[in-house]
Amino acid sequence: MSSYSGRHRTPTRAERRAATGRRRLPKAFGAGYALPTAAAATLVVTAGGATAAQSTALASGTAVSAFTAPAAQHSEALADPALAERSKGEVAQTVAGYTDLAQRRQESSQSVAEGQGRAQERQRVARDKKRKELAAQKREAAKQRAAEKKAAAKELGVSTEDVTVDAAGTPAVADGAWVLPLTNPVFTSGFGPRWGRMHAGDDFGVPIGTPLRAMSNGEVVFAGQQSGYGTMVDIRYTDGTISRYGHMSSLQVTVGQKVSAGEQVGLSGNSGRSTGPHLHLEIHPGGGEPVAPRSWLAAKGLTY
């Protein structure tokens, strides 16, 4: 068993060299020791003078020149003032180049920042201008609505608090408010006995065709002809009061129709028993007996 193993054992390096007949060189002749040898030769040149240097050069070939040439060149470079000055100049030029580049970058960044600042300022100014324009438009619109409201209040004979203006600028009487039946009424005859009988309302002299309007929110309970009154309309309001308009020329509403304060219901005229174009107005609180319109309307804030 051992002889078998011995026959197949891996040969050692010594056995392989003996088998091939190779001879190993001393380590001093190896590549790894060439530089120390050259260095030793150089030391001989330095310490022993020219004779030793010549003999070493002959013995070591070009090893001495290969080692000593770079060292000599380096010494010469260090000893050359012009080369040192040129190197300083190149370094200074390089530093100046970097400094100039950094300065240009800083100036560019500053320019971009200034540009952005100017753009933002322009945007701010534009926004402020737009806000001022919108504010001016709102003030003008409010002023216009106030003027329309005032004009409507004057026409309807009510206070401005009783008038509203919608988005389209159309004025209207506020819900629950009361208005006079016509614009700028001219009072001609009052409530009370007249010509031997009771005059149950107030008369207003107006041209034929003057628009007449409902005094508040209510419902038409009569619209047609009646003896003495001619063409007339009765409106019952939300508080139960009934108003009567007599001597009209035409009607624009029908029985059962809902009306609102200030809504036109017909035109004035001279129909029935009339001495001239006028509106005869009666007020029947709760639908009962007539009362003096002037004092009743004054309690509603309406005067003439």
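You'll find the structure just up there.
Residues numbered from 1 in each chain as written. Predicted model: local features only at pLDDT ≥ 70, side-chain atom pairs only at ≥ 80, totals over all residues. Heavy atoms only, no water.

**Student:** How do you make sense of unusual backbone geometry when you look at a structure like this?
**Tutor:** The general pattern is negative phi for most residues beyond glycine and trans for most peptide bonds. Look at Trp-195: it is not a glycine, yet its phi comes out positive at around 60 degrees. Relative to the helices and strands, Trp-195 is located in the loop between strand E4 (192–194) and strand E5 (197–199). (Helix = DSSP H or I, 4+ residues; strand = E, 2+ residues; numbered from the N terminus.)

**Student:** Explain the side chain of His-199 to me, please; I cannot follow it from the model alone.
**Tutor:** Counting through the fold element by element, His-199 comes out in strand E5. In terms of polar contacts, His-199 uses its side chain to reach the side chain of Arg-194, at 3.3 Å. (Polar contact = N/O pair within 3.5 Å; in protein donor to acceptor, adjacent residues only side chain to side chain.)

**Student:** Explanation requested: the pattern of salt bridges in the structure shown.
**Tutor:** Opposite charge on two side chains allows them to pair when their charged atoms are near. In this structure the tally under the stated criterion is eight salt bridges. In this structure, the salt-bridge partner of Asp-100 is Arg-104, at a minimum N-O distance of 1.9 Å. Residue Asp-100 and its partner Arg-104 are located together in helix H6 (residues 81–156), separated by four residues, close to a single helical turn. According to the relative accessible area criterion, Asp-100 is partly exposed, its value standing at 35%. Here Arg-124 and Asp-128 are joined by a salt bridge, their closest N and O atoms 2.7 Å apart. Here Arg-124 and its partner Asp-128 are both found in helix H6, four residues apart, which amounts to about one turn of the helix. Taking the relative accessible area as the measure of exposure, Arg-124 reaches 35% and is therefore partly exposed. Three or more residues joined by partner-sharing salt bridges are found here, namely Glu-121, Arg-124, Asp-128 and Arg-131. (Salt bridge = Lys/Arg side-chain N within 4 Å of Asp/Glu carboxyl O. Buried < 20%, exposed > 50% of the residue type's maximum accessible area, 1.4 Å probe, protein only.)

**Student:** Is there a simple way to think about the nonpolar core in this case?
**Tutor:** Here is a general trend for soluble globular proteins: nonpolar side chains tend to be buried in one another's company. Ranked by internal contacts, the top residues of the largest apolar core, which has 32 residues, are Met-215, Val-233, Ile-235, Tyr-245 and Val-265. Mapped onto this core, the elements with two or more residues apiece are H6, strand E9 (230–237), strand E10 (242–251), strand E13 (278–284) and helix H7 (293–299). (Core = buried A, V, L, I, M, F, W, Y, C linked by side-chain atoms within 4.5 Å.)

**Student:** Please clarify how the side chain of Arg-244 should be interpreted in this entry.
**Tutor:** With respect to the helices and strands, the residue Arg-244 is situated in strand E10. In this structure Arg-244 comes out as buried when scored by relative accessible area, which is 16%. At 3.0 Å, the side chain of Arg-244 and the side chain of Asp-234 are in polar contact.

**Student:** Hey, could you run me through the environment of Val-291 in this one?
**Tutor:** Tracing the chain through its elements places Val-291 in the loop between E13 and H7. It is 7.8 Å that separates the C-alpha atoms of Val-291 and Phe-191, two residues lying 100 residues apart in sequence. Non-local contacts of Val-291, meaning those with residues more than four positions away in its chain, are made with Phe-191, Ala-200, Ile-283, Pro-285 and Trp-296. (Contact = heavy atoms within 4.5 Å.)

**Student:** Help me understand the packing of aromatic side chains, please; the structure alone is not making it clear to me.
**Tutor:** The relative placement of two aromatic rings is captured by the distance of their centres and the angle of their planes. Using the criterion set out here, one finds five aromatic pairs in the structure. Plain terms: the ring middles of Phe-187 and Phe-204 are 6.2 Å apart, the flat faces sit at 65 degrees to each other, and that makes the pair edge-to-face. One end of the pair, Phe-187, is in strand E3 (residues 187–189); the other, Phe-204, is in strand E6 (residues 202–205), with 17 residues separating them in the sequence. Residue Phe-204 is classed as buried on the basis of its relative accessible area, which comes to 1%. Feature note: the residues Trp-178, Tyr-237 and Trp-296 constitute an aromatic cluster, connected by ring pairs. (Phe/Tyr/Trp six-rings, centres within 6.5 Å; stacked < 30°, edge-to-face > 60°.)

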